[in-house]
Each structure stands twice: as C-alpha cells, then as structure tokens.
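# Breakdown of the fold
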Amino acid sequence: MIIVMRAGAPEEQLQEVIRRITELGYQPHIIRGTQRNVVGAVGDERGKARLQSLESLPGVENVVPILQPFKLASREFKADKSAIRVGDLEIGGDRLTIIAGPCSVESEAQLMETAQVVKEAGADILRGGAFKPRTSPYAFQGLEEEGLRLLAQAREMTGLYIVTEVIQPEHVELVAKYADILQVGARNVQNFALLRSVGEIRKPVLLKRGMATTIKEYLMSAEYILSQGNYAVILCERGIRTFETETRFTLDLNAIPVLRKMTHLPILVDPSHGTGHWEYVGPMAKAAIAAGADGLMIEVHMRPEEAFSDGIQSLKPKRFLSLMEELKPFAEAAGREM
Ligand code: PEP
Ligand code: MN
C-alpha cells in the first residue's frame, strides 16, 4: 500500500503514520518529495486491507494499493526515475554512465594498465571480478581479496569508482569494504540469501538480469534488495538464453523500454556478455543507448588473447577508445550527455 501524505503535512503526522504501519506489522519505506511525502507499507499481502484504516489519520491524503507484485521497485510507488549517487556520479541521471574494465582482475600490471586506458577513454567506473562465478569449478575463480586490494589501488591511481562482484553472503562485508558498487551476477539473480545480504548494506548494488529470468522475476529480485532498505539498486540487462547459438546470449533490448515503464530504477546494458563477441559489442552498445539505457558495462582487456576469462568478448584499448567516440552522437540523439 502507498500512504500519500497531504502536501505540507508536518513531520509528526508522518512519524505517526510510520508508527502505525510498523504496529500493523508492515515495513515503512519513505519517499520524501518536495511537495509531499509518500510512505510505502510492505509486508504480508493478506492483511493489507487493514492499512486502509490509515486514511483516517491526520495528514493522510489517501491510501492506495500497489498492484504490481514488486512494490518498492514499481513506478506506482515512485513515479520519477531514480538516480543513484556514487560519489560525484549520478547513475540514471542525464549523463550516461560508462563502466569498463576486464572480466577478471588478473594481476597488478594488467589492472593498472587497463584502468589507465579506460580512464583516458572517458569511463566513469572500473569493473573487474575478484570473485568469479565460473561455469567450471576448474576455471580461474578470481584473486579474491588480493583482487579487491588491486581494485582499490586502481581507484587510488585513477579516481575511477569500482564495481566488483560478490558471490556469497559471507563475503558481502569484505567486498563492501573495498567496492563502491557491489555486483550481483546473472547466476545469482535468484540467490535470495545473497540478495537479502546486499540489501542490508548501504552501498549501491548492480544487479544483473539472469540469463533465464523474466522481467517480472528480475524486478522481484530487485525487490528483495529494496525490501531490506537498500534503495540503491542499478539494473543491468546482459542477455538471455534463446535458441540462437551464433551469439553467447541474446541481448534483450526490449527489456530497456519495458523496464523503464515498470520501474524507476536505473537501467544499464552489458553488450559484452550480451553478445559474447567483441565484434558485436559496438553495434549493440549504440543500440542500447538509442533504446534509452542509462549507461553501459563493457569488458576491456589489454591483450584479450591472454585473458583469464571472457577474452573473446573483450575490446582492446584502441577499439574501446574509438567506440567511446562513436557513442557520442548516439548519446546526443538520445538526449543524454556523455
Ligand atoms: C561479469 O560481469 O563478468 C559476469 C560474470 O557477468 P554475468 O553475471 O552477467 O554473466
Ligand atoms: Mn565476464
């Protein structure tokens, strides 16, 4: 349910509404607006009719149900797009956010070199996995904490913010100590214990769409994080499984306008995993911007042929640099800055 406060209702009235929501066994989630405040009351769907009684409280304009199963992620709860702050960056604002870097953190030299290159090309955030969720248990699993330290060192050197993946709840605290944004990968999109754990911290989470999750299921996963009080959730379409085998996945660009309509959360696109081949990254990056994405996540490697993971889909520095130039007219046409 959404409890809409009257314009200018004093703080005491808002606090009373919050108290009553809690008393009824629901969790209050507040959106403070310039005109009026709105409180979302989420919890057991079965008894929600009881919340209707809040309509008689002073300062309450009306109480309306949220029809979508994902509540806090919905446009019904929050009509305006959310922009998520990371230092001086705003993800989901007018400016596109560009995340770039290697699939995995492999060594100090590799990461520092790549960080420098993507910084010079104009990226905002450096990516790199320290904990890797690999299909094979025999494949490189990541440098773990050493990888996190290297990412922090690269941030120090370049001023880039860093995003890195967390694959299990026990590591959330450790990863949050180093990262500016925690990534939950496609393979963990329905790892509800992990979603709850990243919901408990107060750092942005980049939640990738699963390769077989519907848009609704995807938003329910985002809801797990939001329901724990972490409202800084960034979505990222990264391709889904279809019958097509010429590409690693099928980048679902439909998801951009569909998600845009259904949720206020920022939407990024990862054309690297979405295609699985460096040659297709550029065209799909442009298409993503044209379709309204808030930014891109792109894998870049100094020497893709030597990469520990995802070399085939990684751009070499020169290609990334020219792509960044080529993206500018697309950004402009989409009404975005770069
Ligand atoms: C990654 O970003 O390197 C990654 C593993 O992505 P995904 O979870 O989308 O496969
Ligand atoms: Mn990868």
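Residues numbered from 1 in each chain as written. Chains lettered and ligands numbered in written order. Predicted model: local features only at pLDDT ≥ 70, side-chain atom pairs only at ≥ 80, totals over all residues. Heavy atoms only, no water.

The next thing to look at is the coordination of the manganese ion (ligand 2). At the metal site, the manganese ion (ligand 2) is ligated by Cys 103 (SG), His 273 (NE2), Glu 299 (OE) and Asp 310 (OD), and these contacts range over 2.0 to 2.3 Å. Given a relative accessible area of 1%, Glu 299 falls into the buried group. (Donors = N, O, S within 2.8 Å, 3.2 Å for Na, K, Ca; no water. Buried < 20%, exposed > 50% of the residue type's maximum accessible area, 1.4 Å probe, protein only.)

Glancing now at the site of ligand 1. If you check the shell around ligand 1, you find Cys 103, Arg 127, Lys 132, Glu 165, Gln 183, Gly 185, Ala 186, Arg 187, Lys 208, Arg 238, His 273 and Glu 299 and nothing else. At 2.9 Å from an oxygen atom of ligand 1 is found a side-chain nitrogen or oxygen belonging to Gln 183. Arg 187 is positioned such that a nitrogen or oxygen atom in its side chain is 2.8 Å from an oxygen atom of ligand 1. With the chains in place, 97% of the 290 Å² that ligand 1 exposes on its own is no longer accessible. (Near = heavy atom within 4 Å. Polar contact = N/O pair within 3.5 Å; in protein donor to acceptor, adjacent residues only side chain to side chain. Areas by Shrake-Rupley, 256 points an atom, 1.4 Å probe, with all protein chains shown as cover.)

Right, let's get into the pairing of strand β9 (residues 161-165). For β9, the tally of buried residues reaches 5 of 5 residues, placing the bulk of the element in the interior. Of the two faces of β9, the one lined by Tyr 161, Val 163 and Glu 165 and the one lined by Ile 162 and Thr 164 are each fully buried. Inspection of the sheet shows strand β8 (residues 125-127) paired to β9 by 3 bridges, in the parallel sense. Paired with Arg 127 across the bridge in β9 is Val 163. Taking the sense of rotation as the criterion, the β-α-β connection linking β8, helix α3 (residues 145-158) and β9 turns out right-handed. Note that β9 and strand β10 (residues 181-184) share 3 bridges and pair parallel. Across the sheet, Thr 164 pairs through a bridge with Leu 182, a residue of β10. Assessed by its sense of winding, the connection that carries the chain from β9 through helix α4 (residues 172-178) to β10 is right-handed. (Helix = DSSP H or I, 4+ residues; strand = E, 2+ residues; numbered from the N terminus. Pairing = 2+ DSSP bridges. Right-handed = clockwise from strand over helix to strand, strands pointing away.)

Turning to its location among the elements, Glu 165 is positioned in strand β9. The sequence separation of Glu 165 and Gly 47 amounts to 118 residues, and the corresponding C-alpha distance is 37 Å. Discounting chain neighbours no more than four positions away, the residues touching Glu 165 are Phe 131, Pro 133, Val 175, Gln 183, Gly 185 and Asn 188. Within the structure, the side chain of Glu 165 is placed 3.4 Å from the backbone nitrogen of Gly 185, a separation counted as a polar contact. (Contact = heavy atoms within 4.5 Å.)

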